[in-house]
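# Residue-level structure breakdown
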Amino acid sequence: MPSPNEKLAESLDVLETLQQGNQRVFRSDDLSRVHRERLVENGFLQEVMKGWLISSSPTQSPAKARVACVLLGICARYCDERFGEQWHLSPEQSLFLHGERTVIPDQLVVHSPKATNNDINLLFGTTLYDLKVARCRRPRLSW
């Protein structure tokens, strides 16, 4: 019977494989339930919203985790999967992002024809608002 440390090491190996290529954002389906629960319980993964997780560290401060929540690409990956290429951030937030502003807004606004005008709660009081628009006026900028 493997010890708890051996079980955690096995789960960390699975996480390390998923993190290849600097990937830090995962769907819940990317891991088995056992590995996912073990990694969340031990602080190596953090749920951002239902079905979405980010890598974290058991010693990471909440402020750093909040920045990681957005900057590690949870919003981009979620929007890519949900809206395909038909989305972009609000103009103001795009400027802040490209100007390398380090303060994360309390609400990110995503424009898309496929949006439903809903707030999605993320970590630490941050929300993602998907704003339905008739069409995307310009191509999405990569970030």
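A brief look at the structure comes next. Keep in mind it's a predicted model, so treat the numbers as computed, not measured. (Residues numbered from 1 in each chain as written. Predicted model: local features only at pLDDT ≥ 70, side-chain atom pairs only at ≥ 80, totals over all residues. Heavy atoms only, no water.)

## Overview of the nonpolar core
In this structure, Met 49, Ile 74, Tyr 78, Cys 79, Trp 87, Val 110 and Leu 128 are the most contacted members of the largest nonpolar core, which totals 20 residues. Within the residue set of this core, elements represented by two or more residues are strand S2 (45–49), strand S3 (52–55), helix H4 (74–83) and strand S5 (107–112). The dominant element in this core, judged by the number of residues it contributes, is H4, at six residues. Leu 15, Phe 26, Leu 45 and Leu 53 belong to the second-largest nonpolar core, a separate cluster that totals seven residues. (Core = buried A, V, L, I, M, F, W, Y, C linked by side-chain atoms within 4.5 Å. Buried < 20%, exposed > 50% of the residue type's maximum accessible area, 1.4 Å probe, protein only. Helix = DSSP H or I, 4+ residues; strand = E, 2+ residues; numbered from the N terminus.)

## Remarks on the pairing of S3
Neither face of S3 is left uncovered, since the one carrying Trp 52 and Ile 54 and the one carrying Leu 53 and Ser 55 both have all their residues buried. Sheet analysis places strand S1 (residues 25–27) next to S3, joined by three bridges and oriented antiparallel. Its bridge partner being in S3, Arg 27 is matched across the sheet by Trp 52. Pairing of S2 with S3, which is carried by four bridges, proceeds in the antiparallel orientation. Bridged to Met 49 within S3 is Trp 52. (Pairing = 2+ DSSP bridges.)

## Focus on the packing of helix H1 (residues 4–18) against helix H2 (residues 33–41)
Put simply, H1 and H2 touch, their axes get as near as 9 Å, and they point 105° apart. Taken together, H1 and H2 sit at an angle that is classed as roughly perpendicular. In this structure, H1 contributes Lys 7, Leu 8, Glu 10, Ser 11, Leu 12, Val 14 and Leu 15 to the contact, and H2 contributes His 35, Arg 38 and Leu 39. (Axes fitted to C-alpha atoms, helices over the stretch in contact; angles between N-to-C directions. Parallel < 35°, antiparallel > 145°, perpendicular 65-115°, else oblique. Contact = heavy atoms within 4.5 Å.)

## Structural notes on the pattern of salt bridges
All told, the structure shown has five salt bridges when counted by the stated rule. Among the salt bridges present, the one from Arg 77 reaches Asp 30, with a minimum N-O distance of 3.6 Å. Here the residue Arg 77 occupies a position in helix H4, and Asp 30 occupies one in the loop between S1 and H2, the gap between them amounting to 47 residues. Judged by relative accessible area, which is 22%, Arg 77 ranks as partly exposed. For the salt bridge of Arg 77 with Glu 81, the shortest nitrogen-to-oxygen distance reads 3.5 Å. A residue pair is termed a helical-turn pair when its members lie 3 or 4 positions apart in one helix, as Arg 77 and Glu 81 do in helix H4 at four residues. Accessibility expressed as a relative area gives 42% for Glu 81, which makes it partly exposed. (Salt bridge = Lys/Arg side-chain N within 4 Å of Asp/Glu carboxyl O.)

## Some details on the side chain of Ser 90
Along the chain, the position of Ser 90 falls in the loop between strand S4 (88–89) and helix H5 (91–98). Beyond its immediate sequence surroundings of up to four residues, Ser 90 is in contact with Val 109 and His 111.

It is worth stressing that arrangement in space is one thing and function is another; only the former is reported here.
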